[in-house]
Amino acid sequence: MRVFLGNRWLFEMLYFCFSSTVSSSLYSSSCQLQEQFILNGMHKTGDVILGGLFAINFFSTDPDLTFISEPQLPTCYGFNIIGFRQAQTMAFAVDEINKNSNLLPNVTLGYSLYDNCNRLGIGFRAALALVSGQEEQVTSEENCVGTPPVLGIVGDSSSRRSIAISTVLGLYRVPMVSYFATCSCLSDRHKFPSFFRTIPSDAFQVNAMIQILKHFGWTWAGLLISDDDYGVHAARSFHSDLGPAGGGCLAYTEILPWGDDPAELRRIVDVMRKSTARVVIVFAYESHMINLMKEVVRQNVTGLQWIASEAWSSVDVLQTPHLMPYLGGTLGIAIRRGEIPGLRDFLLQTRPDLHHNNKEGNSMVNQFWEHTFQCRFAPPPAGWVESGREFCTGQEVIENVETEFLDVSNLRPEYNVYKAVYALAYALDDMLQCEPGRGPFINNTCAQLQRLEPWQLVHYLEKVNFTTTFGDLVSFDENGDTLPIYDIMNWVWLPDGRTKVQRVGEVKRSELTLDEDKIFWNFESKQPPRSVCSESCPPGTRMARKKGEPECCFDCVPCSEGKISNTTDSMECTSCPEDFWSSPQRDHCVPKKTEFLSYHEPLGICLTTTSLLGTFICVVVLGLFIHHHSTPIVRANNSELSFLLLVSLKLCFLCSLLFIGRPRLWTCQLRHAAFGISFVLCVSCILVKTMVVLAVFRASKPGGESSLKWFGALQQRGTVLVLTSVQAAICTAWLVSASPVPHKNTQYHNDKIVYECIVGSVIGFAVLLGYIGLLAVLSFLLAFLARNLPDSFNEAKLITFSMLIFCAVWVAFVPAYISSPGKYADAVEVFAILASSFGLLVALFGPKCYIILLRPERNTKKAIMGRGTTK
């Protein structure tokens, strides 16, 4: 049997090729097998042969990987009953397929199964022997026919061996379907283009473990791995995926030594004991755990929650009363358990006499027989000492022996073997059902059984899709990986001291399903442990990573003012919206307090009361002057201006109310305009009155009569109107160009919104105040010049004093206004308005009211003119 790949022999390195000239027109070449590899195996002939690699023995003393000069079996020992049951499962699957008329009709499957002795070198030899064949000499012709020695290989059970073997097989696209190699590196389609597996990749197993960690809130765990591809690639996946997928991190990552290394194991267990991580993930093998647990028991390290990889999650050797105080409650990832009807009956038919026709000497079955019945078929090899063993007859009854070989209640790797064989069979069946002219290969051709090449089967394996009798769907993704399904196992320590491993859930794809009521927790609380580096940060705080430590170790820092976090373990505090502020607990936003000069607060009430009081006094004085309008004191210096002055003062008192209350657009626009016009009206009246006083006294002098014609009643009203109109024009231009508007100011206080009116145009506001100041200063100067005029009741003195108060108030106002924030700026302005208004009211009208009410005898023309007094 030969393997044809583009008319080239596969694995030419195994042959020594030579050529000879038969005739001048005939050229042929032949390849001669230098030596045969004699391996422990089991075979069955058929139209198409499937290869298989199984760990039938645990150990080997033969490290030699070269050709052996004398054919002999490698020295393998430590019979693995489970490995043999897996090989028999493949034999059963082939036998079942051959009996199935609906699958591969008219095609008989055969098999060649080899023992890899749990060694890379021997497994690699076996793979080469399978794909190259064992014919001593083959001849290469231009048109060669025939099927390859094996169409595909089921195996290997180890990731390390599968990587080595598949690297070579992938060069020639020979399909290899593993039932137990889980390394995520084997998903690399560029390196392993013909590798498939019916066991999920470790990447999925890591993801399943992360789902368990996430489910129980375990964000702080230790990781122990084996020093090979199985452990190293798992560690890479944990380091890259644990944080993003589960929000956790690793407290430590330690590599378990091969063999018993007391010093290294002591150091590792010491790390575990000192760590605050209560969860330990072990991605290693049974042998690693046996050695590790010796040291764990010696140091008496309890209180740990173990998570087991599928390599040791169900092993019996660790489930002892001696170890269960430490390993009880372990949660493990296990391969999907399946049921294979008819397998036990097939296993009962296993007998050494059924395989005498195999040229390998029936070694695999014979070894099983010797191990089971403690007998031997031939004398032991030279140098071996055995005593007390009888010769095997081959007629022993398996049912009479208590053996794990017949236990089909927990089929996990066997179920994967079963699926692998069926995957190859279904792919071959799909290939043989191809219709000529509609095939997937060049020119729409189909593969032919007589010229079958393994790479053609790879195409159909990638598309295989079937359902087992157990109800599981079998297919492969673009990386050759099967659909990930795991069982979650729990180690239960029963009260009577017995132990059992029970199924408590499953992981299908990335969905975890757990029956927590069934889980046994090996803690006093009978509850899941807590394993975190730092306790969760409550709402109102954020996580701040500790320098130099993993990201799961952090401090909880309270959110700063104006920021909140309303979730647990928040990475950042979020700022509240503009109109909101953080609550005292920093866990939610509350509306900001609003601040403005309100009618309801004491300051606002005082200013409002004062304003209304001033208005009321103006009304009373105005009423008093109207009642005594015919008296000299009222008629002196134009009573009309006095009435107008009282009205303007009343407006000044009232306009201060526009500065109290929540600013609105209309109040912002009206307050300064009303204030400016009212005060200009007031100061204009005072200015005109001052000018009239000067004109009257100048007219009393010789030659000064003409000055009075410029200060008649009409001219006085006109002057007041003109001066007030100028201010009205200033206000109009200001409102049109840059009108004051309400503004929410958050600069003064972060937790408050200060409602204020921004002036819009500072220049406009300055011109408004400057114009008032100009008129006030002018009035003051004129009144100051007229203060010494000879009059018993010289109003110029009153005007001088009132203007002095007015100017003092507004000079003090400017710096106070600028330095006062928020509502206090409005309060300062209101205070200035009220103070200056009261100053004018009292200074100008106080003496007159005093005379009218209390000294009516002085309310005469003579008394006013200073020509006499009435006592």
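For the structure, check the block above.
Residues numbered from 1 in each chain as written. Predicted model: local features only at pLDDT ≥ 70, side-chain atom pairs only at ≥ 80, totals over all residues. Heavy atoms only, no water.

### A closer look at the overall build of the protein chain
Counting its secondary structure elements, the protein chain contains 21 helices and 32 strands. Among the 871 residues that make up the protein chain, the fraction classed as buried is 53%. In the protein chain, once contacts between residues fewer than 6 apart in sequence are set aside, the share between residues at least 24 apart is 69%. Total accessible area computed for the protein chain in this model is approximately 40100 Å², and 56% of it derives from carbon and sulfur atoms. (Helix = DSSP H or I, 4+ residues; strand = E, 2+ residues; numbered from the N terminus. Buried < 20%, exposed > 50% of the residue type's maximum accessible area, 1.4 Å probe, protein only. Contact = heavy atoms within 4.5 Å. Areas by Shrake-Rupley, 256 points an atom, 1.4 Å probe, with all protein chains shown as cover.)

### Comments concerning the state of the cysteines
One pass over the full model with this rule turns up 10 disulfides. A sulfur-sulfur separation of 1.8 Å characterises the disulfide bridge that pairs C375 with C392. Since a negative S-S torsion denotes a left-handed disulfide, the C375-C392 link at about 105 degrees is right-handed. Residue C375 is found in strand β17 (residues 375-376), and its partner C392 is found in the loop between β18 (390-391) and α11 (413-432); the two are separated by 17 residues along the sequence. On the accessibility criterion, C375 (5% relative accessible area) is buried. Here C685 stays unpaired: no disulfide links it, and the sulfur of C682, its closest cysteine neighbor, is 6.9 Å away. The exposure class assigned to C685 is buried, which follows from its relative accessible area of 0%. (Disulfide = S-S within 2.5 Å.)

### Examining unusual backbone geometry
Between G155 and the following residue, D156, the backbone shows a cis peptide bond with an omega angle of 0 degrees. Non-glycine residue N443 carries a positive phi angle of around 60 degrees. By the secondary structure assignment, N443 is in the loop between α11 and α12 (454-461).

### A short note on the packing of helix α15 (residues 639-655) against helix α20 (residues 823-854)
Remark: α15 packs on α20, axes separated minimally by 9 Å, with the N-to-C direction vectors making an angle of 155 degrees. The angle between α15 and α20 falls in the class roughly antiparallel. The way α15 lies across α20 gives a crossing that is left-handed. The segment α15 lies against α20, with S642, L645, L646, L649, C652, F653 and C655 engaging I833, L834, S837, F838, L840, L841, L844, F845 and K848. Considered class by class, the residues forming the contact of α15 with α20 number 13 nonpolar, 2 polar and 1 charged. (Axes fitted to C-alpha atoms, helices over the stretch in contact; angles between N-to-C directions. Parallel < 35°, antiparallel > 145°, perpendicular 65-115°, else oblique. Left-handed = near helix turned anticlockwise from the far one by under 90°. Nonpolar A, V, L, I, M, F, W, Y, C, P; charged D, E, K, R; others polar.)

### Quick notes on the sheet that holds strand β32 (residues 752-758)
Strand order in the open sheet made by the 3 strands is β30-β32-β31, with mixed pairing throughout. With one partner strand each, in any of the chains shown, β30 (593-595) and β31 (741-745) form the two edges of the open sheet. Along the sheet, successive strands turn relative to each other by an average axial angle of 25 degrees, direction set aside. Bridge analysis of β30 against β32 gives 3 bridges, and the strand direction is parallel. (Pairing = 2+ DSSP bridges.)

### Remarks on a negative patch on the surface
Residues E286, D316, E404 and D407 make up a contiguous surface patch of negative charge. Mapped onto the elements of the fold, E404 is located in the loop between β18 and α11. Classification of E404 by relative accessible area gives partly exposed; the value is 40%. (Patch = residues over 30% accessible without salt bridge, like charges linked within 9 Å, V, L, I, M, F, W, Y side chains within 5 Å. Salt bridge = Lys/Arg side-chain N within 4 Å of Asp/Glu carboxyl O. Lys, Arg positive; Asp, Glu negative; His and termini not counted. Charge placed at Lys NZ, Arg CZ, Asp CG, Glu CD.)

### Some points on the pattern of salt bridges
The full count for this structure, using the stated rule, is 27 salt bridges. When the shortest N-O distance is used, the salt bridge between D487 and R412 registers 2.9 Å. Of this pair, D487 sits in strand β21 (residues 485-493) while R412 sits in the loop between β18 and α11, placing them 75 residues apart in sequence. Relative accessible area serves as the criterion here: at 2%, D487 is assigned to the buried category. On the accessibility criterion, R412 (6% relative accessible area) is buried. Ionic pairing is found between R498 and D496, a salt bridge with its closest N-O pair at 2.7 Å. The two residues R498 and D496 agree in class, both being exposed. One network of salt bridges, with partners in common, ties together R336, R412, D472, D487, R503 and E506.

### What about the environment of G83?
Relative to the assigned elements, G83 resides in helix α1 (residues 81-99). The class for G83 is buried, based on a relative accessible area of 2%. Taking C-alpha positions, G83 is 9.9 Å from C117, a pair spaced 34 residues apart along the chain. Among residues more than four places away in sequence, those in contact with G83 are F54, A55 and I56.

### A few points about the environment of I677
Counting through the fold element by element, I677 comes out in helix α16 (residues 665-699). Here the alpha-carbon distance between I677 and C652, two residues 25 residues apart in the chain, equals 9.0 Å.

### Focus on the sheet that holds strand β11 (residues 195-197)
Judged by pairing direction, the sheet is mixed, and its 6 strands sit side by side in the order β3-β7-β4-β9-β10-β11 without closing on themselves. Two strands lie at the open edges of the sheet, namely β3 (41-44) and β11, each paired on one side alone. For this sheet, the mean inter-axis angle between neighbouring strands, taken without regard to orientation, is 20 degrees. Where strand β4 (residues 48-54) lies against strand β7 (residues 109-115), 7 bridges are found, and the strand directions are parallel. Among the inter-strand pairings, G51 is bridged to a residue of β7, identified as S112. Along the sheet, helix α2 (residues 120-132) contacts β4, β7 and β9 (152-154); its crossing angle with β4, the most-contacted strand, is approximately 180 degrees.

### Here's the deal with the pairing of strand β15 (residues 305-308)
What you see with β15 is no split at all: Q305 and I307 on one side and W306 and A308 on the other are buried throughout. Bridge count for strand β14 (residues 279-283) against β15 is 4 bridges, and the pairing is parallel. In the sheet register, V282 faces β15, and the bridge partner there is A308. Regarding topology, helix α7 (residues 286-299) serves as the crossover connection from β14 to the parallel β15, and that connection is right-handed. Alignment of β15 against strand β16 (residues 331-335), held across 2 bridges, turns out to be parallel. Opposite A308, over in β16, you have G332 as the bridge partner. (Right-handed = clockwise from strand over helix to strand, strands pointing away.)

### Things to note about the nonpolar core
Counting 70 residues, the largest nonpolar core has F675, F806, W810 and F845 as the members making the most contacts within it. Of all elements in the fold, only α13 (602-627), α14 (632-635), α15, α16, α17 (713-737), α18 (762-785), α19 (795-819) and α20 reach the threshold of two or more residues within this core. No other element matches α20, which puts 14 residues into this core. Not counting the four nearest positions on each side in its chain, F806 is found in contact with F679, V683, I772, A776, S836 and L840. Within the second largest apolar cluster, 67 residues are counted, among which are A91, L151, L347 and Y422. (Core = buried A, V, L, I, M, F, W, Y, C linked by side-chain atoms within 4.5 Å.)

### Side note on the packing of aromatic side chains
Taken as a whole, this structure holds 37 aromatic pairs when the rule is applied. Aromatic pair F79 and F368: ring centres 6.3 Å apart, planes at 40 degrees, arrangement tilted. Placement of the pair is F79 in strand β6 (residues 76-79) and F368 in helix α10 (residues 363-373), with a sequence separation of 289 residues. You can call F368 buried: its relative accessible area is 0%. A ring pair is formed by F216 and W521, whose centres lie 5.2 Å apart and whose planes are at 85 degrees; its orientation type is edge-to-face. Here W521 lies in the loop between β23 (511-514) and β24 (541-545) and F216 lies in helix α4 (residues 202-216), a separation of 305 residues in the sequence. By relative accessible area, which is 13% here, F216 ends up buried. For W521, a relative accessible area of 6% puts it in the buried group. Here a set of aromatic residues connected by ring pairs shows up, and it is made of F79, F84, F368, W369, F373 and F405. Sitting over the face of the ring of F196, R189 holds its NZ or CZ atom 4.7 Å from the ring centroid. (Phe/Tyr/Trp six-rings, centres within 6.5 Å; stacked < 30°, edge-to-face > 60°. Lys NZ or Arg CZ within 6 Å of the ring centre and 35° of its normal.)

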